[in-house]
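In case you want the letters, here they are:
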Amino acid sequence: MPLLSVNGTDLYYESNGEGESVTFLHGAGGNHASWWQQIPSFRQTYRCLTLDHRGFGWSRDPQGQGAAGFADDLEALLDELGIERTALVAQSMGGRTASQFTLRHPGRVSALVMCDTLGILAWEELSEQREKLRAERLVGAGESGALSRGYMAPGFIASQPEMTFLYQQVQSFNPPRAEMSPQLTTRREELARLSVPTLFIVGGEDPVLPTEIVRELAEAVPHAEVLEFASCGHSVYWENAPEFNRALEAFLAKHL
């Protein structure tokens, strides 16, 4: 297994294909295998990196550092592989990694794709507004069970039981982990200086990230685009992979 000993842990990663680098960063319900519908396609054109965040998949987190170490781990991996610039494609929790790394090292990010996530880009008031709406939408919905199904749209769960089950199986490969560290925020004026081409992808039926919050955030990021998948929930990359891949391919072709 390709393991990188870094920052007190062994980080699992995979590299597929050749060309400009594209790094895929999974969410809390997944690991490197989550991108099985993307890598076979994109590795034909790009060098695709996937990894298990510390505490997920094959990567352990003996110090219990959690999300606080994600961006440092990504930087160490890119340095080890000699990759100076990469596009970042992040889903949900992976947006923490992608956004923090981009704010630290904008010159090393050729394009940023934030899927069903604000990462740390939201300012405090917007983050509070998002959490309020999230709580309201999940009341009585059985949040732990919804998380195991990726917060997917009800229609997808009903019509695609096999894919829903597969998602749960991929998630089951993760070891038990501690609670996530508190979500970080940034200053709105800092976002105005973000020059990296940015695409926000969001599901119209996402119960934890309302579209209106994403659009408000995108207005603060120069030249950011928003693409909504009306019938998807929180896992657009999984629920509608063909359309997701087409949108991602078009965005990367424009900026890489």
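Notes on the structure in this doc start here. (Residues numbered from 1 in each chain as written. Predicted model: local features only at pLDDT ≥ 70, side-chain atom pairs only at ≥ 80, totals over all residues. Heavy atoms only, no water.)

Description of the overall build of the protein chain
Put simply, the test is: For helices the rule is a DSSP run of H or I covering at least 4 residues; for strands it is a run of E covering at least 2, with both sets numbered from the N terminus onward. Each residue gets one of three labels from its accessible area relative to the maximum for its type: buried under 20%, exposed over 50%, partly exposed in between, using a 1.4 Å probe on protein chains only. When charges are counted, neither His nor the chain ends are considered; positive counts come from Lys and Arg and negative counts from Asp and Glu. A single reference atom marks each charge: NZ on Lys, CZ on Arg, CG on Asp, CD on Glu.
Helix and strand content of the protein chain: 11 helices and 8 strands. Counting only C-alpha atoms, the protein chain reaches 45 × 40 × 35 Å along its principal axes. The proportion of buried residues among the 256 residues of the protein chain is 54%. Here the protein chain carries 20 positive and 33 negative side-chain charges, and the mean point of each set is 1 Å from the other.

Remarks on the state of the cysteines
Spelled out, the test is: Disulfides are defined in this document as cysteine sulfur pairs within 2.5 Å.
One pass over the structure, following the stated rule, counts 0 disulfides. A disulfide-free cysteine, C48 has its sulfur positioned 14 Å from the sulfur of C115, the nearest such atom. Note on C48: relative accessible area 0%, which makes it buried. Counting only cysteine sulfurs, C115 is the nearest neighbor of C232, a cysteine outside any disulfide, at a range of 11 Å. On the accessibility criterion, C232 (2% relative accessible area) is buried.

Here's the deal with the pattern of salt bridges
Note the following rule: Any Lys or Arg side-chain nitrogen located within 4 Å of an Asp or Glu carboxyl oxygen qualifies as a salt bridge.
Considering all chains together, one arrives at 10 salt bridges under this definition. A salt bridge links R54 to D73; the nearest nitrogen and oxygen atoms lie 2.7 Å apart. Of this pair, R54 sits in the loop between β4 (47–51) and α2 (70–81) while D73 sits in helix α2, and the two are 19 residues apart along the sequence. Take R54 and D73: they sit in the same class, and that class is buried. A salt bridge links R246 to E243; its shortest N-O distance comes to 2.5 Å. Pair noted here: R246 and E243 are both in helix α11 (residues 241–255), with a separation of 3 residues, about one helical turn.

Topic: the packing of aromatic side chains
One pair of aromatic rings is described through two measures. These are the centre distance and the angle between the planes. Put simply, the rule is: Geometry of aromatic contacts follows a simple scheme: Phe, Tyr and Trp rings, the Trp one being its six-membered ring, pair when their centres are within 6.5 Å, and the pair is stacked under 30 degrees between planes, edge-to-face over 60, tilted otherwise.
Summed over the entire model, instances satisfying the criterion amount to 6 aromatic pairs. Their ring planes at 50 degrees and their centres at 5.2 Å tell us that F24 and W35 sit as a pair that is tilted. Here the residue F24 occupies a position in strand β3 (residues 21–25), and W35 occupies one in the loop between β3 and α1 (39–42), the gap between them amounting to 11 residues. For W35, a relative accessible area of 1% puts it in the buried group. Measuring from ring centre to ring centre gives 5.8 Å for W36 and W238, while their planes differ by 80 degrees; the resulting arrangement is edge-to-face. On the criterion of sequence distance, the pair formed by W36 in the loop between β3 and α1 and W238 in helix α10 (residues 236–239) is long-range, its members being 202 residues apart. Looking at W36, the relative accessible area reads 39%, which means it is partly exposed. W238 gets classed as buried once you look at its relative accessible area, which sits at 1%. Here the aromatic residues F24, W35, W36, F42, Y167, Y237 and W238 are joined through ring pairs into a cluster of three or more.

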